Amino acid sequence: MTIILNPGSVSLAELRAIWEGAPVRLADSGWAAIDAAAAAIGEILQSGRTVYGVNTGFGILANTRIPADRLAELQTNLILSHSTGLGDPLDARIVRLAIILKVIGLARGHSGVRRELVERLLALVEADALPVIPGQGSVGASGDLAPLAHMSAALLGEGEIVLGGERLHASEALKYLGLEPLVLGPKEGLALINGTQISTAIALDVLFTAERLFGTALVAGALSVDALKGSVAPFDARLSAARGQPGQIDAARVLRELLDGSAIAASHRDCGRVQDPYSFRCQPQVMGASLDLIRGAALTLEIEANAVSDNPLLFGDEAISGGNFHAQPVAFAADILAMALCEIGSLSERRLAILVDPKLSGLPAFLIEDSGVNSGFMILQVTAAALVSESKSIAFPASVDSIPTSAGQEDHVSMATHGALKARRIAHNVAGVLGIELMAGAQGVDFHAPLRTSPPLQATRDAIRAGIPFHDKDRYLANDLAWAKASVLDGSLADLAALGLFQ
């Protein structure tokens with residue numbers, strides 16, 4: 001289904017669909033707003049007024065007036081001089097989302113770009129011709145300058161574009177698409193590279209991944225409860241209602257629903273076991289708190305995805321210079337997501353550690369019958385521990401860091417892009433940990449056969465077994481682990497929609 005972009009009111013659900021690859025089209029109101037703002041720029045130039053970024057230099061050179069015959073050169077030089085990124089290219093999904101976020105911002109009608117520029121951005125999206133954008137080089141203030149410059153340089157025929165899976169010089173890719181390199185008009189270069197669209201796109205990628213991880217973590221946790229023959233009493237609705245935290249209430253509800261109908265749970269309902277370890281019985285409390293953080297970050301990022309974050313902004317024929325390009329809200333959201341994800345991974349690894357310990361789980365040592373000769377899940381738990389520790393080591397908030405740039409003019413920065421990239425690395429670590437726990441949970445419930453787990457958990461167990469056989473003796477495990485991680489990331493091991501946790 002095509003998503004109609006109504007700038008200023010694109011919903012989180014629509015952004016998620018765009019992230020998943022839905023085609024887009026700009027609403028007529030967006031085109032009208034673009035045309036009105038472009039006309040305002042023309043009026044400013046005709047009046048002879050001096051306006052930052054339109055007919056002046058940039059940053060500390062803002063007091064330098066640029067003659068009319070050099071305005072196009074000014075904007076082109078801005079893009080070329082700021083294309084200074086390093087590091088691995090951003091994922092194609094993030095690049096596509098960033099371009100669309102830039103379209104949304106420009107189409108609010110406060111940036112002064114021509115219709116032609118926005119048409120060109122949308123043409124790249126439609127052709128799946130995505131600029132190569134290095135991931136390093138932004139400090140998240142005055143916009144994501146370097147990465148957005150790489151995005152913009154592709155419009156000029158500079159840099160590289162990935163087209164049809166092949167990395168081409170941008171001029172070659174444009175020629176293949178039947179497009180001429182764009183000549184920028186007044187203020188257009190500045191409008192392109194000022195903005196938080198790169199950090200916001202990365203943070204949204206983390207957010208939507210975190211939603212999948214969260215739902216999958218509840219499924220993994222419930223499966224581990226059955227593998228342990230753990231108690232469902234801690235998930236009683238009355239306990240969570242007595243505390244009142246909304247995330248906890250929702251997490252407990254989902255855990256109850258996942259375990260409902262389990263023959264394994266019914267088999268030990270009257271046992272003498274009183275309490276399970278915290279990583280099992282405190283799932284509503286820890287996961288619920290993480291859910292509240294994820295939902296809070298989602299609100300911030302939904303607003304930012306619709307934001308006008310370049311500078312200066314036009315209000316009628318008045319241009320106001322401010323600081324909407326400062327990405328502090330995105331930095332905080334990224335750091336919050338990183339913390340929530342770390343706790344999801346930490347809790348998962350602890351459950352895994354208990355399952356492989358025969359003294360605590362009552363299951364065969366390291367979840368394999370012939371232990372000693374076979375190591376079973378021994379080193380899978382070590383891998384999970386390594387991933388959790390790596391995530392903790394990079395979870396220190398990026399948002400509390402700052403370093404002056406641009407000769408002191410930009411003396412406080414957000415580090416939003418760095419924070420979002422860090423959070424993305426943590427998310428992928430957590431996917432690996434959850435994949436291992438799911439493998440262990442399936443192994444554990446299989447030891448309780450012929451008793452079966454609940455219908456939803458049995459469906460997850462069966463999906464795992466379709467890709468990973470029962471672990472009856474040691475074998476090469478790297479492929480199993482890679483399959484499990486990929487399945488967590490694509491959300492295929494949990495019916496996430498049925499959980500009803502995210503809008």
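Refer to the structure presented above.
This text gives an overview of the structure that appears in the document. What you see is a predicted model; the values in this text were computed from it and never measured.

### Structural notes on the overall build of the protein chain
- Within the protein chain, the secondary structure is distributed over 21 helices and nine strands.
- Expected size for 503 residues packed as a compact globule is a radius of gyration near 23 Å; at 26 Å, the protein chain falls within 12% of this value.
- When the backbone C-alpha atoms are referred to their principal axes, the protein chain occupies close to 85 × 50 × 45 Å.
- Relative to its full complement of 503 residues, the protein chain shows a buried share of 55%.
- The long-range share in the protein chain, meaning contacts at least 24 apart out of those at least 6 apart in sequence, stands at 78%.
- Summing over all exposed atoms, the protein chain offers an accessible surface of approximately 20100 Å²; the carbon and sulfur share of this is 55%.
- Charge separation in the protein chain, taken as the distance between the mean sites of 38 positive and 53 negative side-chain charges, equals 5 Å.

### Digging into empty space enclosed by the protein
- Using the criterion set out here, one finds two cavities of 30 Å³ or more in the structure.
- Of the voids in this model, the largest cavity is the one considered here, and its volume is about 50 Å³.
- Phe377, Met439, Gln443, Ile464, Arg465, Ile468, Pro469, His471, Arg475 and Leu477 together form the lining of the largest cavity.
- For the lining of the largest cavity, the elements supplying multiple residues, two or more each, are helix H18 (416–446) and helix H19 (455–467).
- When its residues are assigned to classes, the lining of the largest cavity shows six nonpolar, two polar and two charged.
- Of the pockets and cavities examined, the second largest cavity occupies roughly 30 Å³.
- Forming the boundary of the second largest cavity are Leu341, Cys342, Gly345, Ser346, Leu387, Val388, Ser391, Asn429, Val430 and Val433.
- Elements that contribute at least two residues to the lining of the second largest cavity include exactly helix H15 (328–355), helix H17 (378–393) and H18.
- Looking at the lining of the second largest cavity, the element that brings in the most residues is H15, giving four residues.
- Looking at side-chain class alone, the lining of the second largest cavity contains six nonpolar, four polar and no charged residues.

### Looking at helix H3 (residues 71–82)
- Taking 1.5 Å per residue as the helical rise, H3 with its 12 residues ought to reach 16 Å, and the 17 Å between its terminal C-alpha atoms agrees with that figure.
- Those residues of H3 not exposed but buried are Leu71, Leu74, Gln75, Leu78 and Ile79. With its buried residues spanning 130° around the axis, H3 presents them on a single face.
- Buried positions along H3 lie against helix H2 (28–47), helix H6 (145–155) and helix H8 (188–193).

### Some remarks on the nonpolar core
- Grouped together as the largest cluster of nonpolar side chains are 147 residues, with contacts concentrated most on Leu5, Val118 and Leu204.
- The element best represented in this core is helix H9 (residues 197–228), accounting for 20 residues.
- Among residues more than four places away in sequence, those in contact with Val118 are Leu26, Trp31, Ile34, Val103, Leu106 and Val113.
- In terms of nonpolar packing, the next biggest core, distinct from the first, is built from seven residues, Ala40, Ile44, Val54 and Leu314 among them.

### Concerning the pairing of strand E7 (residues 166–169)
- Pairing between strand E6 (residues 160–163) and E7: four bridges, direction antiparallel. Looking at E7, one finds that Val162 is bridged to Arg167.
- Hairpin connection from E6 to E7: two residues lie between these consecutive antiparallel strands, with Gly164 at a positive phi of about 60°.

### A few points about the side chain of His448
- On the secondary structure map, His448 appears in the loop between H18 and H19.
- On the basis of relative accessibility, which here comes to 13%, the residue His448 falls in the buried class.
- Once you skip the residues sitting within four places of it in the chain, His448 turns out to touch Asp226, Ala227, Lys229, Ile264 and Leu363.

### Here's the deal with the environment of Asn374
- Looking at the secondary structure, you find Asn374 in the loop between helix H16 (358–361) and H17.
- Along the backbone, Asn374 and Asp474 are 100 residues apart, and their C-alpha atoms lie at a distance of 5.6 Å.
- Within the structure, Asn374 has its side chain in polar contact with the backbone nitrogen of Asp474 (distance 2.9 Å).

### Comments concerning the pattern of salt bridges
- Taken as a whole and judged by the stated rule, the model has 21 salt bridges.
- Across the salt bridge formed by Glu116 and Arg114, the nearest N and O atoms sit 3.1 Å from each other.
- A relative accessible area of 35% means that Glu116 is categorised as partly exposed.
- One connected set of salt bridges, linked through shared partners, spans Asp446, Arg461, Asp462 and Arg465.

### What to know about the packing of aromatic side chains
- The full count for this structure, using the stated rule, is three aromatic pairs.
- Geometrically, the ring pair formed by Trp19 and Phe208 is tilted, given 5.4 Å between the ring centres and 50° between the ring planes. Residue Trp19 is found in helix H1 (residues 12–19), and its partner Phe208 is found in helix H9; the two are separated by 189 residues along the sequence.
- The buried category is assigned to Phe208, whose relative accessible area is 1%.
- Ring plane angle 75° and centroid distance 5.6 Å describe the contact between Phe447 and Phe470, whose orientation is recorded as edge-to-face. Note that Phe447 is positioned in the loop between H18 and H19 and Phe470 in the loop between H19 and helix H20 (478–489), a separation of 23 residues in sequence.
- Judged by relative accessible area, which is 30%, Phe470 ranks as partly exposed.
- Above the plane of the ring of Trp19 lies Arg93, whose end atom (NZ or CZ) is 4.0 Å from the centre.

About the thresholds
- Residues numbered from 1 in each chain as written.
- Predicted model: local features only at pLDDT ≥ 70, side-chain atom pairs only at ≥ 80, totals over all residues.
- Heavy atoms only, no water.
- Helix = DSSP H or I, 4+ residues; strand = E, 2+ residues; numbered from the N terminus.
- Rg over C-alpha atoms; globule rule 2.2 N^0.38 Å.
- Buried < 20%, exposed > 50% of the residue type's maximum accessible area, 1.4 Å probe, protein only.
- Contact = heavy atoms within 4.5 Å.
- Areas by Shrake-Rupley, 256 points an atom, 1.4 Å probe, with all protein chains shown as cover.
- Lys, Arg positive; Asp, Glu negative; His and termini not counted.
- Charge placed at Lys NZ, Arg CZ, Asp CG, Glu CD.
- 1 Å grid on protein atoms, 1.4 Å probe; cavity = no way out; pocket = protein on both sides within 12 Å on 5 of 7 lines; lining within 4 Å.
- Points joined across faces, edges and corners; volume = space filled by probe spheres on them.
- Nonpolar A, V, L, I, M, F, W, Y, C, P; charged D, E, K, R; others polar.
- Expected span 1.5 Å × (residues − 1).
- Arc of directions from axis to C-beta.
- Core = buried A, V, L, I, M, F, W, Y, C linked by side-chain atoms within 4.5 Å.
- Pairing = 2+ DSSP bridges.
- Polar contact = N/O pair within 3.5 Å; in protein donor to acceptor, adjacent residues only side chain to side chain.
- Salt bridge = Lys/Arg side-chain N within 4 Å of Asp/Glu carboxyl O.
- Phe/Tyr/Trp six-rings, centres within 6.5 Å; stacked < 30°, edge-to-face > 60°.
- Lys NZ or Arg CZ within 6 Å of the ring centre and 35° of its normal.

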